[in-house]
Amino acid sequence: MSSPQVKTTKSKSATPQVPEEIRKAAGLLIDRLPGQHEAVFAAIDGVVHEEPVLFKGPPGTGKTLLITYLAEMLDMMVHIIQMTKYSTDAEVLGMWDIKALQEGKLVRNWSNIVRADMLFLDEVFDAPSFLLRALHGILNERVVYDPYTGQAVPIKASVIYAASNYIPTTPELQAVVDRFPVKVEVNYVPPNVYKDAILVSIDGQKPPRGLIKRQVIEELRRRAMEYARSDDFLAEYITIAQSLAGLREFGAVISDRTLFAKLPKIIASTMVLLNCPPSIKGCTMYTAFLIMPWIVNVNTLQLPDKQVQPQNPVQKASMNVKDALALPKAEFMLIVSNFKDILRDEIMVMAGKKPSLLAFEHALDSLEDVLKMRKWYSPILETLEWRLEYLRSVS
């Protein structure tokens, strides 16, 4: 099978490389948080695309440590807010000015929620409803609304993370849930890295402050915006949008806000970090496959147990998007699992590590058996073959 063709006069080697500061930061964070490579990558990615990122997982899995270390490396002021059902507006937003109260005025002395460069909202969905309304403005507009005075105050933070051990399904919270287009699972340390986890927990090493300069982040953001606006990106993203919209037929919850306003930025920033530009045919689609579980809860999809095949050419020609996407659930979950392994190898290479790439090779063999006869999925195979060779050349 031939490799994807580069649709630009520039050579592949001319593609801008990931800055060394980013590689070093990713490597240090992966070393500090064994087994949490995906969370590390999602956190760094969030700095580039600037969309809110939610980490879902049990307490004590390193979510707060990850954010505080990353903030240190970026030399950013991070404000951590621990939410509970008993949280008050004074605790989260700031105390009332006593002198103003004596004069019959409501004037708030705003907390660091408006001054911090980065926010981390821990157990975000445990906040009482009146505070969730205030947070809604933060996530959607980067403005905090005082629930009592209605005052709207712009916040400084461009990077927002949150954590929760659950994602609510109640209708009244869905608007808040949708403000987190990226939702990443964070689990307990796997047994194969227990020794590493023990060693790093006792060495007390601090992250290098200011390792990543602001101008480096600004350049990555500029490059991601350039990717997202390119004709090559848009040509492939239309197919991605059709596919994800088609998954709604199987229970996927993905809003138009995410599909058209947020996801293109997220995919483009991921492409920048993986050095997979849209000028290389298939890179946009490939990246979308890598991060799909961040966007869609694949475990809740109501897919068929087996594929319904068209009986004749007329039926085949009339297949709609739903029919084309309707992989048997077992096959679909196999695809998701294989791309998770591939993402791990991609992250390790980005972080300057040397993965064996055996997982990638196994995934490619497995995916070829599943996807080669699927019209909507088969083009990704060429990109996978090229990408494996690329990772071999740079790792």
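No experiment lies behind these values; they were computed from the predicted model shown.

Draft legend 1. Layout of the pattern of salt bridges. Inspection of every chain in the model, using the stated rule, returns 23 salt bridges. R209 serves as the salt-bridge partner of E72, at 2.9 Å between the closest nitrogen and oxygen. Here E72, found in helix α3 (residues 63-74), pairs with R209, found in the loop between α8 (194-203) and α9 (214-229); they are 137 residues apart in sequence, far enough to count as distant. You can call E72 partly exposed: its relative accessible area is 27%. For D117, the salt bridge goes to R214, with nearest N and O atoms at 3.7 Å. One end of the pair, D117, is in the loop between α5 (98-102) and β3 (118-122); the other, R214, is in helix α9, with 97 residues separating them in the sequence.

Draft legend 2. View of the packing of aromatic side chains. By the definition in use, this model includes 10 aromatic pairs. Arranged with centres 6.0 Å apart and planes meeting at 25°, the rings of F55 and Y161 form a pair that is stacked. Taken as a pair, F55 in strand β1 (residues 53-56) and Y161 in strand β6 (residues 159-164) lie far apart in primary sequence, 106 residues in all. With a relative accessible area of 0%, F55 lands in the buried category. For Y161, a relative accessible area of 0% puts it in the buried group. These aromatic residues form a ring-pair network of at least three members: W96, F130 and Y148. Just above the ring of W96 sits the side chain of R108; from NZ or CZ to the centre is 4.0 Å.

Draft legend 3. Representation of unusual backbone geometry. One non-glycine residue with positive phi stands out, namely R142, at about 60°. Along the chain, R142 turns up in the loop between α6 (129-141) and β4 (143-145). On the accessibility criterion, R142 (19% relative accessible area) is buried. Although it is not a glycine, L357 sits at a positive phi angle of roughly 65°. Mapped onto the fold, L357 is located in the loop between α15 (329-350) and α16 (358-371).

Draft legend 4. Representation of the nonpolar core. If you look at the biggest cluster of nonpolar residues, it comprises 101 residues, and the most contacted ones within it are I22, F55, Y161, F339 and L384. In terms of nonpolar packing, the next biggest core, distinct from the first, is built from 30 residues, W110, V114, L139 and L173 among them.

Draft legend 5. Looking closely at the confidence of the model for the protein. Of all residues in the protein, 89% have pLDDT values of 70 or greater, and the mean over the chain is 89. Under a pLDDT of 50 for its full length, residues 1-14 has, in the predicted model, 23 contacts with residues more than four places off or in other chains. Counting interchain partners and residues more than four positions distant, the pLDDT-below-50 stretch residues 314-320 has four contacts.

Draft legend 6. Just the side chain of T258, in detail. Here T258 shows up in helix α11 (residues 256-274). Those residues in contact with T258 that lie beyond four places of it in its chain are D178, P181, L263, P264 and I295.

Criteria and thresholds
Residues numbered from 1 in each chain as written. Predicted model: local features only at pLDDT ≥ 70, side-chain atom pairs only at ≥ 80, totals over all residues. Heavy atoms only, no water. Salt bridge = Lys/Arg side-chain N within 4 Å of Asp/Glu carboxyl O. Helix = DSSP H or I, 4+ residues; strand = E, 2+ residues; numbered from the N terminus. Buried < 20%, exposed > 50% of the residue type's maximum accessible area, 1.4 Å probe, protein only. Phe/Tyr/Trp six-rings, centres within 6.5 Å; stacked < 30°, edge-to-face > 60°. Lys NZ or Arg CZ within 6 Å of the ring centre and 35° of its normal. Core = buried A, V, L, I, M, F, W, Y, C linked by side-chain atoms within 4.5 Å. pLDDT = per-residue confidence, 0-100. Contact = heavy atoms within 4.5 Å.

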